[in-house]
Amino acid sequence: QVQLVESGGGLVQPGGSLRLSCVASGFTLDGYIIGWFRQVPGKEREGIACISISYGDTWYGDSMKGRFIISKDKARNTVYLQMNDLKPEDTAVYYCATAESNPLTLIPELYDYWGQGTQVTVSS
């Protein structure tokens, strides 16, 4: 059964860093892309970044301002999101999801499988 599991969230002070992990099981990520999204209650899901597992190319949302870095470890079937200089407005539930490999996209409805999310809270 296809599963995506996010981990690495938690409470962090403003200016701190976290690295989120997304581990896939039940399928191999080859031929797919993995996207990171976030959502706060009452707001639409926001795309952060995505990466092609096979080729390593990446695409970032315009609002991410260079503070987030997506990477992969193909051997571990894992994608990471490094988050730096965190701000209170980064507080959200962070999700990873899979989509077809072409094209790179951060349109949520084009992603097929989603993890359960991991909470990131940046204290003020």
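The structure under discussion appears in the preceding block.
Predicted model only: the values in this text are computed from it and were never measured.

Reading the values: rules and limits
Residues numbered from 1 in each chain as written. Predicted model: local features only at pLDDT ≥ 70, side-chain atom pairs only at ≥ 80, totals over all residues. Heavy atoms only, no water. Phe/Tyr/Trp six-rings, centres within 6.5 Å; stacked < 30°, edge-to-face > 60°. Helix = DSSP H or I, 4+ residues; strand = E, 2+ residues; numbered from the N terminus. Buried < 20%, exposed > 50% of the residue type's maximum accessible area, 1.4 Å probe, protein only. Lys NZ or Arg CZ within 6 Å of the ring centre and 35° of its normal. Pairing = 2+ DSSP bridges. Axes fitted to C-alpha atoms, helices over the stretch in contact; angles between N-to-C directions.

Asks: Any chance you could explain the packing of aromatic side chains here in plain terms?
Replies: Aromatic ring pairs: the centre-centre distance and the angle between the two ring planes describe each pair. Enumeration over the complete set of coordinates arrives at 4 aromatic pairs. With a centroid separation of 4.9 Å and 50 degrees between ring planes, the pair formed by Phe37 and Trp114 is classed as tilted. Taken as a pair, Phe37 in strand S4 (residues 32–39) and Trp114 in strand S10 (residues 111–114) lie far apart in primary sequence, 77 residues in all. With relative accessibility at 0%, the residue Phe37 sits in the buried group. With a relative accessible area of 27%, Trp114 lands in the partly exposed category. Ring geometry for Tyr95 and Trp114: centres 6.4 Å apart, planes at 80 degrees, overall edge-to-face. Of this pair, Tyr95 sits in strand S9 (residues 92–100) while Trp114 sits in strand S10, and the two are 19 residues apart along the sequence. Through successive ring pairs, a cluster of aromatic residues spans Phe37, Tyr95, Tyr111 and Trp114. In this structure, Arg19 packs its charged tip against the face of Tyr80, placed 4.1 Å from the ring centre.

Asks: How should the sheet that holds strand S3 (residues 18–25) be read in this particular structure?
Replies: Sheet strands associate in pairs through backbone hydrogen bonding, adopting either a parallel or an antiparallel arrangement. The 4 strands are arranged S1-S3-S8-S7 in an open sheet whose pairing can be described as antiparallel. In this open sheet, the two strands that pair with only one neighbour each are strand S1 (3–7) and strand S7 (68–73). Here the average twist between neighbouring strands, direction ignored, is 15 degrees. Sheet topology places S3 next to strand S8 (residues 78–83); 6 bridges connect them, and they run antiparallel. Looking across to S8, one finds that Arg19 is bridged to Gln82.

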